[in-house]
Amino acid sequence: MTATLIKGTEIREQILEEITAEVKQIKEKHGVVPGLVTILVGQSPASISYVTLKIKTAHRVGFKEIQDNQSVDISEAALLALIDKYNKDESINGILVQLPLPKHIDEKKVLNAIDPDKDVDGFHPVNVGRLMIGGAEVKFPPCTPAGIQEMIVRAGVETSGAEVVVVGRSNIVGKPIANMMVQKGPGANATVTIVHTRTKDLAGHCKRADILIVAAGVPDLVKPEWIKPGACVIDVGVNRVGEKISEKTGKKIAILKGDVDFDAAKEIAGSITPVPGGVGPMTITMLMLNTLKALKFKLGIA
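So, how was this worked out
- Sequence positions are assigned chain by chain, starting from 1 and proceeding in written order.
- With the structure being a predicted model, the display of local features is reserved for residues of pLDDT at least 70 and the display and counting of side-chain atom pairs for 80 or more, all residues being used for whole-chain, interface and lining totals.
- Only heavy atoms go into the side-chain values, all of them from the structure, while hydrogens and water stay out.
- Here a pair means two rings of Phe, Tyr or Trp (six-membered ring of Trp) with centres within 6.5 Å. Their orientation is stacked below 30 degrees between planes, edge-to-face above 60, and tilted elsewhere.
- The helix count covers DSSP runs of H or I at least four residues long, the strand count covers runs of E at least two residues long, and both are numbered beginning at the N terminus.
- Note on exposure labels: buried denotes an accessible area under 20% of the residue type's maximum, exposed denotes more than 50%, and partly exposed covers the range between, all computed with a 1.4 Å probe on protein chains only.
- Any Lys NZ or Arg CZ that is within 6 Å of a ring centre and within 35 degrees of that ring's normal is treated as a charge sitting over the ring.
- The working definition used for a salt bridge is a side-chain nitrogen of Lys or Arg within 4 Å of a carboxyl oxygen of Asp or Glu.
- Strands are labelled as partners when DSSP assigns at least two bridges between them.
- Note on method: axes are straight lines fitted to C-alpha atoms, helices fitted across the in-contact stretch only, with angles between N-to-C directions ranging 0 to 180 degrees.
- Residue contacts are counted whenever heavy atoms from the two residues lie within 4.5 Å of one another.

Engineer: Which residues make up the packing of aromatic side chains, and what values go with them?
Structural biologist: The full count for this structure, using the stated rule, is one aromatic pair. With 6.1 Å between their ring centres and 80° between their planes, Phe140 and Phe297 make a pair best called edge-to-face. With Phe140 in the loop between helix H5 (125-133) and helix H6 (143-154) and Phe297 in helix H10 (residues 280-299), this pair connects stretches of sequence that are 157 residues apart. Here Phe140 falls in the buried class, since its relative accessible area comes to 2%. For Phe297, a relative accessible area of 32% puts it in the partly exposed group. The aromatic ring of Phe297 is capped on one face by Lys139, whose charged end is 5.0 Å from the ring centroid.

Quick look at the structure:
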C-alpha cells in the first residue's frame, strides 16, 4: 500500500490562516501587529529569493515588515550597530539576519548580538539553552525542526513512546529536532537516537524507527530496505541533482531529490514527506509563528 503523503504545502496553508486570524484579533484588542525585520547583506540571488518569500508571507499574515538591505562591504561594527537599533525598536518583535554573510563579518558574533527575545530563528545560545531545558522555557524553537514536529503532529502520527531515529547531527536540524522529540509534552515523549556518517550499522538503526527523520544532505541515502514497514518518514534533504526544462515556463529549473529514495520508500512507509513540497514550505511558516509568539510574549498573552 502506498504511503500517505504529508504535504507541507497544505499544512503551511492551515497554519498561515491560523496566524492571520490571530494577528487580526490582537490588532483589534491591543492595537499592534507583529513586527519583523530582515537584514540582507549583499545581493546573493539565492538569499534575495528566500528573503522575498519571507516578505511576501509576512505581508500575507498582516505583519509589519521591514526589509533592510545593506551593501556587501558593510563593516561588522556597522552591522552590529544596526542590530542594536532594531533590538531597541519597540515595534519590532523579530530580527533576522540572512545568512551567509560576507567573509569579513563574524556570523557568530552577529547572531549573538540579536536580543534573544527577538531571535525568531532560534539560533541564539540563550534560545538553544531554553530548547534544551524544554517545557515553558522554550520560546523560539528553530524553524525547520519546529516545522517537522508540527507536520508529524498534524499528520496524526503517535509520538509518545515511539522510536525516533534522526539521521544527521547539524545544529540547525538534527540536534534540535532530537531534543524536541525527547521532551515531555505533546508531539514528543519519544525515545530518540541520533545517527550520522560515523555510525556503525546505520541501516540497522533506521530500520528500528517508527519515525525516521533524515537530514543528512545526501541524495537517496536511505534505501527502502532501511525503512520499517508502516513508519513515518520525514525527508528534510533538498539536493540539486541536475536541471530540466519546466513544462510551464520553458525555462531551466533544478531537479531536486531528497535524502530518501522516495519512489521505493513510499511503497513501504506508512506516511512520508515529498521533496519538494514537504518540509521546505514549513520553515518560513514557523518563522511567522515564532514572530507572532514574540509579540504575544511581550504582551503577556502567550
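Engineer: Can you tell me about the pattern of salt bridges, naming the residues and giving the values?
Structural biologist: Applying the stated rule across the entire model yields 14 salt bridges. Its salt-bridge partner being Glu10, residue Lys7 comes within 3.9 Å of it at the nearest N-O pair. For Arg130, the salt bridge goes to Asp117, with nearest N and O atoms at 3.1 Å. Placement of Arg130 in helix H5 and of Asp117 in the loop between helix H4 (107-113) and H5 is noted, with a sequence separation of 13 residues between them. A relative accessible area of 34% places Asp117 in the partly exposed class. Linked by salt bridges that have partners in common, Arg12, Glu13 and Arg60 make up one network.

Engineer: Talk me through the sheet that holds strand S4 (residues 94-97); I want residue IDs and the actual numbers.
Structural biologist: Ordered by their spatial adjacency, three strands build an open sheet running S3-S2-S4, and the pairing between neighbours is parallel. The strands lining the two open edges of the sheet, one partner per strand, are strand S3 (64-70) and S4. Put simply, the sheet's adjacent strands are angled 15° from each other on average, direction ignored. Taken together, the four bridges between strand S2 (residues 35-41) and S4 define a ladder with parallel strand orientation. The partner of Val37 across the bridge, within S4, is Ile95. Lying over the sheet, helix H3 (residues 76-87) contacts S2, S3 and S4, oriented at roughly 175° with respect to S2.

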